[in-house]
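Structural features, examined
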Amino acid sequence: MTTYKPLRVQSYPKLGEKVTQDTIYWKNYKTAVQIKEFGAVTKIDFSPLSPYNYAVTASTRIHIYGQYSQEPIKTFSRFKVPAYCGTYRDDGKLLVSGSEDGVVRLFDIDGKGILRQLSGHTKAVHVADFTSDKYRILSGSDDYTTRLWDIANSTQLLSYSEHTDYVRCGTTSKLNPDLFVTGSYDHTIKVFDARTDSSVMTMDHGQPVESVLLFPSGGLLVSAGGRYVKVWDMLKGGQELVSLRNHHKTVTSLCLSSSGHRLLSGSLDRHVKVYSTTNYKVVHSFDYAASILSLALAPEDKVIVVGMTNGVLSVRHKKQAEDKLGAANIQRRRPAYRFFVKGKDYMPKQDDILVSKPVKIHLKKYDRQLKSFEVSEALNTVLQPHIRVKSPEVTVAVMQDLNRRGTLKSALAGRDEKNLTMLLSFLIRHIVDPRFAPVLVNVADMILDIYILVVGQSAVIDKQFVKLQELIEKEIDYQEELVEVLGMMDTLFATMTAKKEAAAPERKPNRPVDGQEPSVTMETA
């Protein structure tokens, strides 16, 4: 009696993603920790000093978190209205924020009360930042104005009213304490110098500006608004260098990596894109569960923190070296591969006596069922979610083997609504896949023959049949269009070949001269 041979599953090439140094670097983060806030997280800012705590602005509170804490270590809750833009000073000792009531508030990180309240704006303040000299505060408001405040005297130093719509973003230069940039919903980005009475540079983004970012060198400016991220050359008078359109919805936040070689953008399409600052190509992407409003990266890229519209704060920590060593030690405890293959390559000597031991073949569940001719159970096994989703080629291989045996029709028959729904879902998902189409088209034909009499008895089954029909019709339309395109291409190639042959030069032999070989002259047609 011949032994049963296990089912041979055809292997297909896996495309996968190209593994680069950026892929390895940005995937070296642990699973995200989720922290629920009281409202949408509108701003995240890291302290520039160790231990690199970060301020999270959400609803009427500003929470201070440690890098590894899931509970706030400090809370500023002196707000009766929503707070905006909680930002650290460069020394990490003070925190400034705007609010819906138009008041700019200054807090001491080590204290509890408010140090300063700067009043003057008539509408919500969404922009608040410190200048690099640490003695002045920049603010931007929905009243279309941008103002500069003196911290010591709590007085307004300057006011600019050049924007014609809400001022929703801004930043200050780290090199020049008098230079700052604002972005507005009037589609413009303006560069101001505190030593002048008006803006010194204006750029048109083309969309309402949601975020601006100035490179540490001060030579490049990045703006985000709509689906676009644009890079401007400040040294060439605000010339646009590149316009990036890699998001599907509005880009809401920007930040730089600690080295300055990578630019990150967060969007309402739930993605964070990582760009190279040399060629501005996307080198990596993060996916999140909800639309992204704010984004921040810790010094040395140790932590990525993302704030979302549903009030969830997502925190990813970089894996430490000791974690890798621990994982390596755990792996070493298991038997190595060479332990199992030990002695397989040993060549017997002349005086050795070879004792062969039959190798036991371990069959998988569907193989055992096929061996016992339990065809319906074998099909049910490979339609389980862990196989049909992760390894559809196994499911198709079993169907192909049943068809070869002539038992596929009996395996498909006699199914209840649940099992038939599962089978039709698999067909809908994979019937247009070129790898599986030859087998699954035959399966779909058999299912229609078997269950044509029960159509109309279940709304769920009827809906799936209609969906399958629409999918096949659409695929047929695609195939017809492709055939037409192939016909056009054949015509073009034939025309090009004919023109080349017509333009080819004709060769005529010259009259030979005494003592010389006959030469050939070129004559064009």
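Starting afresh in each chain, residues are numbered from 1 along the sequence in its written order. Given that the model is predicted, a residue must reach a pLDDT of at least 70 before its local features are reported, and side-chain atom pairs must reach 80 or more before they are shown or counted; all residues, however, enter totals for whole chains, interfaces and linings. Only hydrogens and water are set aside; all other atoms, that is, all heavy atoms of the structure, feed into the side-chain values.

In the nomenclature of an unreviewed UniProt entry, the protein is known as U3 small nucleolar RNA-associated protein 15 homolog of Polyodon spathula. Heading Subcellular location (unreviewed entry) of the UniProt record for the protein holds this comment: "Nucleus, Nucleolus". UniProt positions are given in the numbering used here, feature names are shortened, and annotations may be inferred rather than shown by experiment.

**Details of the layout of surface pockets**
Lining residues are those with an atom within 4 Å of a point, where the points come from a 1 Å grid over the protein atoms alone and group into cavities, where a 1.4 Å probe fits but cannot get out, or pockets, open sets with protein on both sides within 12 Å along at least five of seven lines. Grid points are joined across faces, edges and corners, and a volume is the space filled by probe spheres set on the points. Each pocket or cavity is described by its volume, and for the largest pocket that value is around 1,600 Å³. Considering the residues around the largest pocket, the lining is formed by 50 residues, among which K43, I44, D45, L213 and L254 are closest to the centre. Mapped by element, the contributors of at least two residues to the lining of the largest pocket are β2 (41-46), β6 (83-88), β10 (125-130), β14 (167-172), β18 (211-214), β22 (251-256) and β26 (292-297). Its residues assigned to classes, the lining of the largest pocket shows 25 nonpolar, 17 polar and eight charged. Reported here for the second largest pocket is a volume of approximately 220 Å³. Taken together, 15 residues form the lining of the second largest pocket, with I431, V432, V441, L468 and I472 sitting closest to its centre. Labels follow the DSSP assignment, with helices taken as runs of H or I lasting at least four residues and strands as runs of E lasting at least two, numbered in each case from the N terminus. Elements with a minimum of two residues in the lining of the second largest pocket: α10 (437-451) and α11 (459-503). Looking at the lining of the second largest pocket element by element, the count peaks at six residues for α11. Charged means Asp, Glu, Lys or Arg here, nonpolar means Ala, Val, Leu, Ile, Met, Phe, Trp, Tyr, Cys or Pro, and polar covers whatever is left, Gly included. Here the lining of the second largest pocket is built from residues that sort into ten nonpolar, two polar and three charged.

**Observations concerning the nonpolar core**
In terms of nonpolar packing, the biggest core is built from 37 residues, with M399 and I447 touching the most fellow members. Sorting the residues of this core by element identifies α4 (365-371), α5 (375-382), α7 (392-405), α8 (408-412), α9 (417-430), α10 and α11 as the ones contributing at least two each. Not counting residues within four places of it along the chain, the set of residues in contact with I447 comprises L412, L420, L423, L424, L427, I452 and F465. Among buried residues, the Ala, Val, Leu, Ile, Met, Phe, Trp, Tyr and Cys ones that are joined through side-chain atoms within 4.5 Å form a nonpolar core. Only protein chains enter the accessibility calculation, which uses a 1.4 Å probe; a residue whose area is less than 20% of its type maximum is buried, one above 50% is exposed, and one in between is partly exposed. Counting 16 residues, the second largest nonpolar core, distinct from the first, contains Y29, V272, V274 and V306. Throughout, a residue-residue contact means that at least one pair of heavy atoms, one from each residue, lies within 4.5 Å.

**Examining the pattern of salt bridges**
Any Lys or Arg side-chain nitrogen found within 4 Å of a carboxyl oxygen on Asp or Glu counts as a salt bridge. One pass over the full model with this rule turns up 15 salt bridges. With a shortest N-O distance of 3.1 Å, D101 and R105 are connected by a salt bridge. R105 sits in the buried class, given a relative accessible area of 7%. Several salt bridges share partner residues, and in doing so they unite D133, R136, D178, D193 and R195 into one network.

**Thoughts on the confidence of the model for the protein**
With 92% of its residues at a pLDDT of at least 70, the protein reaches an overall mean of 88. pLDDT is a residue-level measure of predictor confidence that goes from 0 to 100. Predicted confidence for residues 519-525 stays below pLDDT 50, and this span has 19 contacts to residues more than four positions away or in other chains.

**Observations concerning unusual backbone geometry**
The omega torsion across S50 and P51 is 10 degrees, close enough to zero to call that bond cis. Within the element layout of this structure, P51 appears in the loop between β2 and β3 (54-58). Positive phi, close to 75 degrees, is recorded for K134, a residue that is not glycine. Structurally, K134 is set in the loop between β10 and β11 (136-141). Residue Y144 is not a glycine yet carries a positive backbone phi of 75 degrees.

**Focus on the UniProt feature "domain: U3 small nucleolar RNA-associated protein 15 C-terminal" (unreviewed entry) in the protein**
This chain's UniProt record puts "domain: U3 small nucleolar RNA-associated protein 15 C-terminal" (unreviewed entry) on residues 345-492. Along residues 345-492, the helical share is 68% and the strand share 0%, with 58 Å between the first and last C-alpha atoms.

**Some words on a negative patch on the surface**
Among the surface-exposed residues, E470, E473, D477, E480, E481 and E484 lie close enough to one another that they form a single negatively charged patch. Tracing the backbone shows E480 in helix α11. Since its relative accessible area comes to 47%, E480 is described here as partly exposed. Patch rule: a residue counts if its relative accessible area is over 30% and it has no salt bridge; like charges are joined within 9 Å, and nonpolar side chains (Val, Leu, Ile, Met, Phe, Trp, Tyr) within 5 Å. Each accessible area value is a Shrake-Rupley result obtained with a 1.4 Å probe; residue values ignore everything except the protein chains displayed when judging cover. The charged-residue count follows a simple rule in which Lys and Arg add positive charge and Asp and Glu add negative charge, with His and chain termini not counted at all. Here the site of a charge means atom NZ of a Lys, CZ of an Arg, CG of an Asp or CD of a Glu.

**Topic: the UniProt feature "repeat: WD" (unreviewed entry) in the protein**
On the UniProt side, "repeat: WD" (unreviewed entry) is annotated at positions that read residues 118-159 and 244-285 here. Helix makes up 0% of residues 118-159 and strand 55%, with an end-to-end C-alpha separation of 13 Å. A helix fraction of 0% and a strand fraction of 55% characterise residues 244-285, whose end C-alpha atoms lie 15 Å from each other.

**Side note on α10**
With 15 residues, α10 should reach 21 Å at 1.5 Å per residue; the first-to-last C-alpha distance of 21 Å fits that figure. Considered for burial, the residues of α10 that qualify are V439, L440, V443, A444, M446, I447 and Y451. One side of α10 holds all its buried residues, which, seen down the axis, span an arc of 165 degrees. Packed against the buried residues of α10 are α7, α8, α9 and α11. Expected span of a helix, by definition, is 1.5 Å for each gap between consecutive residues, and there is one gap fewer than residues. Starting at the helix axis, one direction is taken to each C-beta atom, and the arc is that of these directions.

**A word on the environment of T277**
Mapped onto the elements of the fold, T277 is located in the loop between β24 (271-276) and β25 (282-287). A relative accessible area of 15% places T277 in the buried class. Each C-alpha atom of the pair T277 and L49 lies 25 Å from the other, and the pair is 228 residues apart in sequence. In this view, T277 contacts F215, L256, G260, H261, R262 and L263; residues no more than four positions away in its chain are not counted. Only 2.9 Å separates the side chain of T277 from the backbone oxygen of H261, close enough to count as a polar contact. The definition of a polar contact used here is a pair of N or O atoms within 3.5 Å, where within protein one atom must be able to donate a hydrogen and the other to accept one, and adjacent residues in sequence count solely through side-chain atom pairs.

**Observations regarding the packing of α7 against α10**
To obtain an axis, a line is fitted to C-alpha atoms, over the contacting stretch when the element is a helix, and the angle between two such axes runs from 0 to 180 degrees between their N-to-C directions. Between α7 and α10, whose axes approach to 10 Å, the crossing angle comes to 65 degrees. Crossing hand, α7 versus α10: left-handed. Contact residues: α7 offers V396, M399, Q400 and N403, while α10 offers V439, L440, N442, V443 and M446. Tallied by class, residues from the contact of α7 with α10 come to six nonpolar, three polar and no charged. Definitions for this section: a left-handed crossing has its near helix turned counterclockwise from the far helix by less than a right angle. A right-handed crossing has that turn clockwise.

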